[in-house]
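Report on the structure
Listed below, chain by chain, are the residues.
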Amino acid sequence: MSALPGSYEGTAVTGLDSSPVEAAPEVLAALPPLTAQTEAEAREIIARYPEPRSALLPMLHLVQSVQGYVAPEGLAFCATMLGLTNAEVGAVATFYTMYKRHPTGRHLVSVCTNTLCAVLGGQRIYEAVSADLGVGHDQTAADGSVTLEHAECLAACDYAPVVTVDYEFYDQQDVESARALVTALRRGERPAPTRGAPLTDFRGISRQLAGFSQHADAATERAAVDGPGVGEPTLIGVRLAAERGETAPPMDEGLPSPRPSQAQGGPRKEAVSQAQGGPRDGATGQTPTKRAADTAVASADTPAERAGAAQHHPDSGEPAGRAPAERGREGTDTPPTGTGAGQNNSVEREV
Ligand code: FES
């Protein structure tokens, strides 16, 4: 897992040095060089941040966009430009899965095999595509067309099972549609994603992730930005809420007030006390235990913390956990009007 092949410092930092990162000599020899333009673009990235080291993530995407992966040369380039050690850059490059440590194919195919996709067929899709390509996880087909990987949840569970190509979404796949997609990619085609920007290739999307346009002209770039962004499954919740007349709580509900006003017993503490159904005169603070519990409720930063503190308050009257009145209610129904998310059971009772 070291950043550089055989790198002692990489091993020392990560404690793990097993998987090979050294490409074959002919592959290294064929890598496109990091040019003066790469350096100029790196400086452009660095200028976006107050501290040079903050530019590391887009810098890694930049070298990946040129060479197809974070090669030892690209890693050392980032370290030199940012004043970091190779070990520091390697620790980052080996932590995030979007930074590849082997030469990648023209396209990166990611098959979600996380829970929801897996039960709906994601694992079968992965196995079928893997068999077609003759490769496993993080490996590249012999023709250099596709690198395959298992992916954890791609944050598109409402479209499961999901496959991405170069991080563009192909929703609600099955074994045959995914096999057809990969076959088309190997023929050099670029099937349109279900939503989002048109497909380019792995180096192109890496360039975009570095903060530069991957498109040849402004019109193409504009069209990519204007690609279809959302599908029906994402909107189902919105439609159901509209049908039921449900609305979201105000945006500022539950936001913490500045601590000084809390310390002074200012408006927030009073509001919290009222929200908990407590008395305005502070009569609950009659014992050290109750005073401590009041303080815990008043100083909570989030609705969840406040609910937890209130649940353990001596005046709560209910043990921690789900209240008996709640146990028969299943599902994800919106709480009754007047009780927002994060408010605890005792609050609902008192309201
Ligand atoms: S489990 Fe596959 S997108 Fe969430």
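In this report, we go over the structure that sits alongside the text. All residue numbers refer to positions counted from 1 along the written sequence of the respective chain. Residues qualify for local features only when their pLDDT is at least 70, as the model is predicted, and side-chain atom pairs are given and counted only at 80 or more; totals for whole chains, interfaces and linings, by contrast, use all residues.

1. With respect to helix 8 (residues 122-133)
Because each turn of an α-helix spans 3.6 residues, side chains separated by three or four positions end up pointing in the same direction. Runs of E in the DSSP output that reach at least two residues are strands. Runs of H or I that reach at least four are helices, and both are numbered from the N terminus. Any helix carries an expected span of 1.5 Å times its number of residues minus one. Taking 1.5 Å per residue as the helical rise, helix 8 with its twelve residues ought to reach 16 Å, and the 16 Å between its terminal C-alpha atoms agrees with that figure. When helix 8 is considered as a whole, its buried residues turn out to be Gly122, Ile125, Tyr126, Val129 and Leu133. Seen end-on, helix 8 carries its buried residues on one side only, within an arc spanning 100 degrees. Note on contacts: each residue gets a C-beta atom placed from the backbone, and two residues are in contact if those atoms are within 7 Å. Tucked into the core, helix 8 has its buried residues touching strand 1 (107-112), helix 7 (115-119), strand 3 (146-151), strand 4 (163-165) and helix 9 (175-186). Two residues or fewer past helix 8, Gly134 is found with a positive phi of approximately 75 degrees. Counting other C-beta atoms within 10 Å of each residue's C-beta, where C-beta atoms are placed from the backbone, gives the exposure class: buried for 20 or more, exposed for 12 or fewer, partly exposed between. What the arc describes is the spread of directions from the helix axis to the C-beta atoms.

2. Focus on the packing of helix 4 (residues 56-67) against helix 10 (residues 202-209)
To obtain each axis, a line is fitted to C-alpha atoms, and for helices this fit is confined to the stretch in contact; angles are then taken between N-to-C directions over 0 to 180 degrees. Packing of helix 4 against helix 10 leaves a shortest axis separation of 8 Å and a crossing angle of 155 degrees. Relative to helix 10, the element helix 4 lies roughly antiparallel. You can see that helix 4 and helix 10 cross each other, and the crossing is left-handed. Contact with helix 4, carried on its side by Pro58, His61, Gln64 and Ser65, involves Arg203, Ser206, Arg207 and Leu209 of helix 10 and no other residues of that element. Polarity classes work like this: nonpolar for Ala, Val, Leu, Ile, Met, Phe, Trp, Tyr, Cys and Pro, charged for Asp, Glu, Lys and Arg, and polar for all others, with Gly in that last group. Of the residues that constitute the contact of helix 4 with helix 10, the class distribution is two nonpolar, four polar and two charged. Relative orientations are named as follows: roughly parallel for angles under 35 degrees, roughly antiparallel for angles over 145 degrees, roughly perpendicular for angles from 65 to 115 degrees, and oblique for any other angle. Less than a right angle of anticlockwise turn of the near helix away from the far helix marks a crossing as left-handed, whereas a clockwise turn marks it as right-handed.

3. Digging into the packing of helix 8 against helix 9
Closest axis-to-axis distance for the helix 8/helix 9 pair is 9 Å, and the angle between their directions is 35 degrees. The chirality of how helix 8 crosses helix 9 is right-handed. From helix 8, Arg124, Ile125, Ala128, Val129, Asp132 and Leu133 reach across to helix 9, where they touch Val175, Ala178, Arg179 and Val182. Here the contact of helix 8 with helix 9 is composed, by residue class, of seven nonpolar, no polar and three charged.

4. Concerning the pairing of strand 1
Burial of strand 1 is extensive: six of the six residues sit out of reach of the surface. Note: two strands are recorded as paired if DSSP finds a minimum of 2 bridges between them. Sheet analysis places strand 1 next to strand 3, joined by six bridges and oriented parallel. Within strand 3, the position partnered with Ser110 by the bridge is Glu149.

5. Re the nonpolar core
Val109, Val111, Val129, Val162, Val163 and Val182 are the most contacted members of the largest nonpolar core, which totals 28 residues. When contributions to this core are tallied by element, the ones reaching two or more residues are strand 1, helix 8, strand 3, strand 4, helix 9 and helix 10. Not counting residues up to four positions away in its chain, the partners in contact with Val162 are Cys112, Cys117, Leu154, Ala156, Phe169, Asp171 and Gln173. Note on terminology: a nonpolar core is a set of buried residues of type Ala, Val, Leu, Ile, Met, Phe, Trp, Tyr or Cys, with members joined through C-beta atoms within 7 Å.

6. A closer look at the environment of Gly188
You can see Gly188 is positioned in the loop between helix 9 and helix 10. A residue is classified by how many C-beta atoms lie within 10 Å of it, and Gly188, with 8 of them, is exposed. Taking the C-alpha atoms as reference, Gly188 lies 8.1 Å from Ser145; in sequence the two are 43 residues apart.

7. Brief notes about the sheet that holds strand 2 (residues 139-140)
Spatially, 2-3-1-4-5 is the arrangement adopted by the five strands of the open sheet, whose pairing is mixed. Both edges of this open sheet fall to strand 2 and strand 5 (168-170), since each of them pairs with a single strand only. In this structure, strand 4 lies alongside strand 5, joined through three bridges in antiparallel fashion. Across the sheet, Val165 pairs through a bridge with Glu168, a residue of strand 5. Helix-sheet contacts for helix 8 involve strand 1, strand 3 and strand 4, and the interaxial angle to strand 1 is about 145 degrees.

8. Things to note about helix 4
Taking 1.5 Å of rise per residue, twelve residues should cover 16 Å, and helix 4 covers 16 Å from first to last C-alpha, within 8% of that figure. The element helix 4 is largely enclosed, with a buried count of eleven among its twelve residues. Within helix 4, the full set of buried residues consists of Leu56, Pro58, Met59, Leu60, His61, Leu62, Val63, Gln64, Ser65, Val66 and Gln67. Packed against the buried residues of helix 4 are helix 3 (36-46), helix 5 (72-82), helix 6 (86-93) and helix 10.

9. Notes on the environment of Pro193
Secondary-structure assignment places Pro193 in the loop between helix 9 and helix 10. For Pro193, a count of 21 C-beta atoms within 10 Å translates into the label buried. When sequence neighbours within four positions are dropped, the list of residues in contact with Pro193 reads Glu168, Phe169, Tyr170 and Leu199.

10. Topic: unusual backbone geometry
Peptide bonds are trans in most cases, and residues, glycine excluded, mostly fall at negative phi. Between Ala160 and Pro161 the backbone carries a cis peptide bond, its omega angle lying at -5 degrees. Counting through the fold element by element, Pro161 comes out in the loop between strand 3 and strand 4. One non-glycine residue, Asp138, adopts positive backbone phi at about 65 degrees. Mapped onto the secondary structure, Asp138 falls in the loop between helix 8 and strand 2. Since 16 C-beta atoms lie within 10 Å of it, Asp138 is described here as partly exposed. In this model, Gln172 sits at a positive phi of 45 degrees, which is unusual for a non-glycine residue. Tracing the backbone through its elements, the reader meets Gln172 in the loop between strand 5 and helix 9. Residue Gln172 is classed as partly exposed on the basis of its C-beta count, with 18 C-beta atoms lying within 10 Å.

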